[in-house]
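What follows is the residue order along each chain.
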Amino acid sequence: MSQPAVADTRRLNSKPQDLTDAYGPPSNFLEIDVFDPQTLGVGRTRYTVYKVRMRTNLPIFKLKDSCVTRRYSDFEWLKTELERDSKIVVPPLPGKALKRQLPFRGDEGIFEDSFIEERRVGLEQFINRIAGHPLAQNERCLHMFLQEETIDRNYIPGKVRH
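If you're wondering where the values come from, they're calculated on a predicted model, not measured in any experiment.

Let's talk about the environment of Thr69
So, step 1. Mapping Thr69 onto the fold places it in strand β3 (residues 65-71).
So, step 2. Relative accessible area serves as the criterion here: at 33%, Thr69 is assigned to the partly exposed category.
So, step 3. Along the primary structure Thr69 and Val49 are separated by 20 residues, whereas in three dimensions their C-alpha atoms are 6.4 Å apart.
So, step 4. Discounting residues that sit within four places of it in the chain, Thr69 has contacts with Val49, Tyr50, Lys51, Asp74 and Glu149.

Quick look at helix α3 (residues 113-131)
So, step 1. Taking 1.5 Å of rise per residue, 19 residues should cover 27 Å, and α3 covers 27 Å from first to last C-alpha, within 8% of that figure.
So, step 2. Residues of α3 that are buried: Phe115, Ile116, Arg119, Arg120, Gly122, Leu123, Phe126, Ile127, Ile130 and Ala131.
So, step 3. Check the buried side of α3 and you find it contacts β1 (30-40), β2 (47-56), α2 (72-85) and α4 (140-147).

Examining α2
So, step 1. Its 14 residues give α2 an end-to-end C-alpha distance of 20 Å, which sits within 8% of 20 Å, the value for a rise of 1.5 Å per residue.
So, step 2. Turning to α2, its buried residues are Tyr72, Asp74, Phe75, Trp77, Leu78, Lys79, Glu81 and Leu82.

Observations regarding the sheet that holds β1
So, step 1. With respect to topology, three strands assemble into an open sheet ordered β1-β2-β3, the strand pairing being antiparallel. Two strands in the sheet have a free side with no partner beyond their single neighbour: β1 and β3. The sheet shows a mean angle of 20° between the axes of neighbouring strands, taken without regard to direction.
So, step 2. Where β2 lies against β3, seven bridges are found, and the strand directions are antiparallel.

Things to note about the side chain of Gln147
So, step 1. Along the chain, the position of Gln147 falls in helix α4.
So, step 2. Other than its neighbours up to four places away in sequence, Gln147 contacts Met54, Phe61, Lys62, Leu63, Ser66 and Val68.

Considering the pattern of salt bridges
Any two side chains of opposite charge can pair if their charged atoms end up close together.
So, step 1. A complete count under the given rule lists eleven salt bridges for this structure.
So, step 2. Across the pair Lys51 and Asp36 runs a salt bridge whose closest N-O atoms are separated by 3.8 Å. Of the two residues, Lys51 sits in strand β2 while Asp36 sits in strand β1, which places them 15 residues apart along the sequence.
So, step 3. Judged by its relative accessible area of 33%, Asp36 falls in the partly exposed class.
So, step 4. The salt bridge partner of Glu83 is Lys79, with a shortest N-O separation of 2.3 Å. Separated by four residues within a single helix, Glu83 and Lys79 lie in helix α2, roughly one turn from each other.
So, step 5. Each of Glu31, Asp33, Arg53 and Arg55 takes part in one network of salt bridges that share partners.

Regarding the pairing of β1
So, step 1. By the bridge criterion, nine bridges tie β1 to β2 in an arrangement that is antiparallel. Within β2, the residue paired with Leu30 across the bridge is Thr56.
So, step 2. What sits between β1 and β2 in their antiparallel hairpin is a turn of six residues, with Gly41 showing a positive phi close to 80°.

Concerning the packing of aromatic side chains
So, step 1. One pass over the structure, following the stated rule, counts three aromatic pairs.
So, step 2. Ring geometry for Phe75 and Phe126: centres 6.4 Å apart, planes at 65°, overall edge-to-face. Of this pair, Phe75 sits in helix α2 while Phe126 sits in helix α3, placing them 51 residues apart in sequence.
So, step 3. With a relative accessible area of 0%, Phe75 lands in the buried category.
So, step 4. Overall, the relative accessible area of 2% leaves Phe126 in the buried class.
So, step 5. Taking 5.7 Å as the distance between ring centres and 65° as the angle between the ring planes, the aromatic pair formed by Trp77 and Tyr155 counts as edge-to-face. With Trp77 in helix α2 and Tyr155 in the segment after α4, this residue pair connects regions lying 78 residues apart in the sequence.

Criteria and cut-off values
- For every chain, the first residue of the written sequence is number 1, and numbering continues from 1 along that sequence.
- With pLDDT at 70 or above as the cut-off, local features in this predicted model cover only qualifying residues; side-chain atom pairs require 80 or more to be listed or tallied, and sums for whole chains, interfaces and linings still use all residues.
- By convention in this description, side-chain values take in all heavy atoms of the structure and omit both hydrogens and water.
- Only DSSP runs of H or I with at least four residues qualify as helices, and only runs of E with at least two residues qualify as strands; both kinds are numbered from the N terminus onward.
- Relative accessibility decides the category of a residue: with a 1.4 Å probe and only protein chains considered, values under 20% of the type maximum give buried, values over 50% give exposed, and everything between is partly exposed.
- Whether two residues are in contact is decided by their heavy atoms: any pair within 4.5 Å suffices.
- To estimate how far a helix should reach, multiply one less than its number of residues by 1.5 Å.
- Note on pairing: two strands pair once DSSP finds at least 2 bridges between them.
- As a rule, the C-alpha atoms of each element are fitted with a line to give its axis, helices using only the stretch in contact, and angles between N-to-C directions run from 0 to 180 degrees.
- Each salt bridge in this description consists of a side-chain nitrogen of Lys or Arg and a carboxyl oxygen of Asp or Glu lying within 4 Å of one another.
- Put simply, two rings from Phe, Tyr or Trp (the six-membered ring, in Trp's case) pair if the centres are within 6.5 Å, and we call them stacked under 30 degrees between planes, edge-to-face over 60, tilted for the rest.

Scope: geometric values only; no functional claims are made or implied.
Encoded structure:
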């Protein structure tokens, strides 16, 4: 009769952790914040911009700390580019809020503080889900979105070489 299988419960030998290891930067990190929404323009040319700050130590990104200004339409552009050129499932953006854009509303519509904050949170979740995907991190459009001051909409799609 054979012996019953017994799980090996011995601990792996680990090296003691010093303060630098415990409180130093994590081995790999990617942090993206969408913040400081500002409404610009007047009347029909009014729009909201958001700052998008990225901090990372991932070698695929040439800049380790960057901050750019983006509109909702820039997030739509990124989503469209990724859906067309990459093999990842792209999460949805927060909605367009078409009813909030109707004329003769009693409130500020899409320029109301509560709506802008709700959209900001949704955009931050969207960009973090995208940028956290290993395949998306290789896409040139993501790098341009996060690190270039202006988006070249005539760029040649492709992978980033590192």
